[in-house]
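Analysis of the macromolecular model
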Amino acid sequence: DAGVTQTPRHEVAEKGQTIILKCEPVSGHNDLFWYRQTKIQGLELLSYFRSKSLMEDGGAFKDRFKAEMLNSSFSTLKIQPTEPKDSAVYLCASSLDEQYFGPGTRLTVL
Amino acid sequence: GDSVTQTEGPVTVSESESLIINCTYSATSIAYPNLFWYVRYPGEGLQLLLKVITAGQKGSSRGFEATYNKETTSFHLQKASVQESDSAVYYCALRNNYAQGLTFGLGTRVSVFP
């Protein structure tokens, strides 16, 4: 079975740009999560979908971060506009019970 | 909010020695959250190592064990004899219920030397 797929694996953006990160969950999983990982804050939940419905949208990240799930097999995370403090690894996970994580997208904002 | 605190790394151990990574948690909205240990091996993604959903129970996997202690709100990870292949970053995490995201500790980097 294919695991969680994330693209791109690396992204470099200029401050103020719009970037879109993509995630394909494990087939059949109902839940999808977006996390951000930094050395200081660790892993923080950004968004959570259940059966394509947005269930949780991390308060601190609402301003410039928008996650969408247009169908059960694809989700995007848009950051607009990007800021240098957004530099982090963005992880997508899907689950029926336990969460399975993708390899992550390393974002660098200059 | 919920929080997880774990041993600050890096931790360095010799092969065949014992390892313990401390983890304590605070869950504000539920008395007995589900508890997890995740691991990231070099070059690989984050993966589940073990989980315990019932207070008082013990979980085990790949020679690692962790016991859910509700009195001390702890979930320490232990292994009696580590191998070089156990070198990784270990994360303790909790979940309020099956429908919500995980709250993670900052991770503990473990290096095992021959």
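Residues numbered from 1 in each chain as written. Chains lettered and ligands numbered in written order. Predicted model: local features only at pLDDT ≥ 70, side-chain atom pairs only at ≥ 80, totals over all residues. Heavy atoms only, no water.

**Examining the overall build of chain B**
The secondary structure content of chain B amounts to zero helices and twelve strands. Computed over C-alpha atoms, the radius of gyration of chain B comes to 14 Å, within 12% of the 13 Å expected from 2.2 N^0.38 for 114 residues, which places it in the range of a compact globule. Dimensions of chain B along its principal axes, counting C-alpha atoms only, are 45 × 25 × 20 Å. Every one of the 114 residues in chain B was classed for burial, and the buried ones make up 44%. (Helix = DSSP H or I, 4+ residues; strand = E, 2+ residues; numbered from the N terminus. Rg over C-alpha atoms; globule rule 2.2 N^0.38 Å. Buried < 20%, exposed > 50% of the residue type's maximum accessible area, 1.4 Å probe, protein only.)

**Notes on the side chain of A:Thr105**
With respect to the helices, strands and loops of the structure, A:Thr105 is situated in strand E11 (residues 105-109). Apart from residues lying up to four places away in sequence, A:Thr105 is in contact with A:Gln6, A:Thr7, A:Pro8, A:Arg9, A:His10, A:Glu11, A:Leu21, A:Ala88, A:Val89 and A:Tyr90. (Contact = heavy atoms within 4.5 Å.)

**Here we look at the packing of aromatic side chains**
One pass over the full model with this rule turns up 13 aromatic pairs over all chains. Between A:Phe33 and A:Tyr35, the ring centres sit 6.2 Å apart and the planes meet at 25 degrees, which makes this aromatic pair stacked. By relative accessible area, A:Phe33 is classed as buried at 0%. Ring geometry for B:Tyr91 versus B:Phe104: centroids 6.3 Å apart, planes at 90 degrees, classification edge-to-face. Of this pair, B:Tyr91 sits in strand E10 (residues 88-95) while B:Phe104 sits in strand E11 (residues 102-104), placing them 13 residues apart in sequence. You'll find B:Tyr91 and B:Phe104 in the same group, each marked buried. Grouped by ring-pair contacts, the aromatic residues A:Phe33, A:Tyr35, A:Tyr48, A:Phe101, B:Phe36, B:Tyr38, B:Tyr91 and B:Phe104 constitute a single cluster. (Phe/Tyr/Trp six-rings, centres within 6.5 Å; stacked < 30°, edge-to-face > 60°.)

**Some points on the interface of chain B and chain A**
Listed as interface residues are 14 residues of chain B and, on the opposing side, 17 residues of chain A. Both sides together, the interface formed by chain B and chain A hides about 1,400 Å², and carbon and sulfur atoms give 50% of it. Taken together, the links from chain B to chain A amount to three salt bridges. Here A:Asp97 makes a salt bridge to B:Lys51, at a shortest N to O gap of 2.8 Å. At the junction of chain B and chain A, the tally comes to seven residue pairs in polar contact (both at pLDDT 80 or more). Counting residues per element, the ones that place at least two in the side of chain B that touches chain A are strand E5 (34-40), strand E6 (47-52), E10 and E11 of chain B. Broken down by class, the residue content of the side of chain B that touches chain A amounts to nine nonpolar, two polar and three charged. (Buried area = accessible area lost by both parts, 1.4 Å probe. Salt bridge = Lys/Arg side-chain N within 4 Å of Asp/Glu carboxyl O. Polar contact = N/O pair within 3.5 Å; in protein donor to acceptor, adjacent residues only side chain to side chain. Nonpolar A, V, L, I, M, F, W, Y, C, P; charged D, E, K, R; others polar.)

**So, the pairing of strand E6 (residues 53-57) of chain A**
Residues and elements named next belong to chain A. Where strand E5 (residues 42-50) lies against E6, four bridges are found, and the strand directions are antiparallel. Residue pairing for E6: Phe49 is matched across the bridge by Leu54. The turn joining E5 and E6, which pair antiparallel and follow one another in sequence, is formed by two residues; a positive phi near 50 degrees is taken by Ser51. (Pairing = 2+ DSSP bridges.)

**Quick word on the pattern of salt bridges**
Using the criterion set out here, one finds twelve salt bridges over all chains in the structure. Among the salt bridges present, the one from A:Arg36 reaches A:Glu44, with a minimum N-O distance of 3.5 Å. Each member of the pair, A:Arg36 together with A:Glu44, is buried. The partner of A:Glu98 in a salt bridge is B:Lys51, and the shortest N-O contact between them spans 2.3 Å. Of this pair, A:Glu98 sits in the loop between strand E9 (88-95) and strand E10 (99-101) while B:Lys51 sits in strand E6, each in a different chain.

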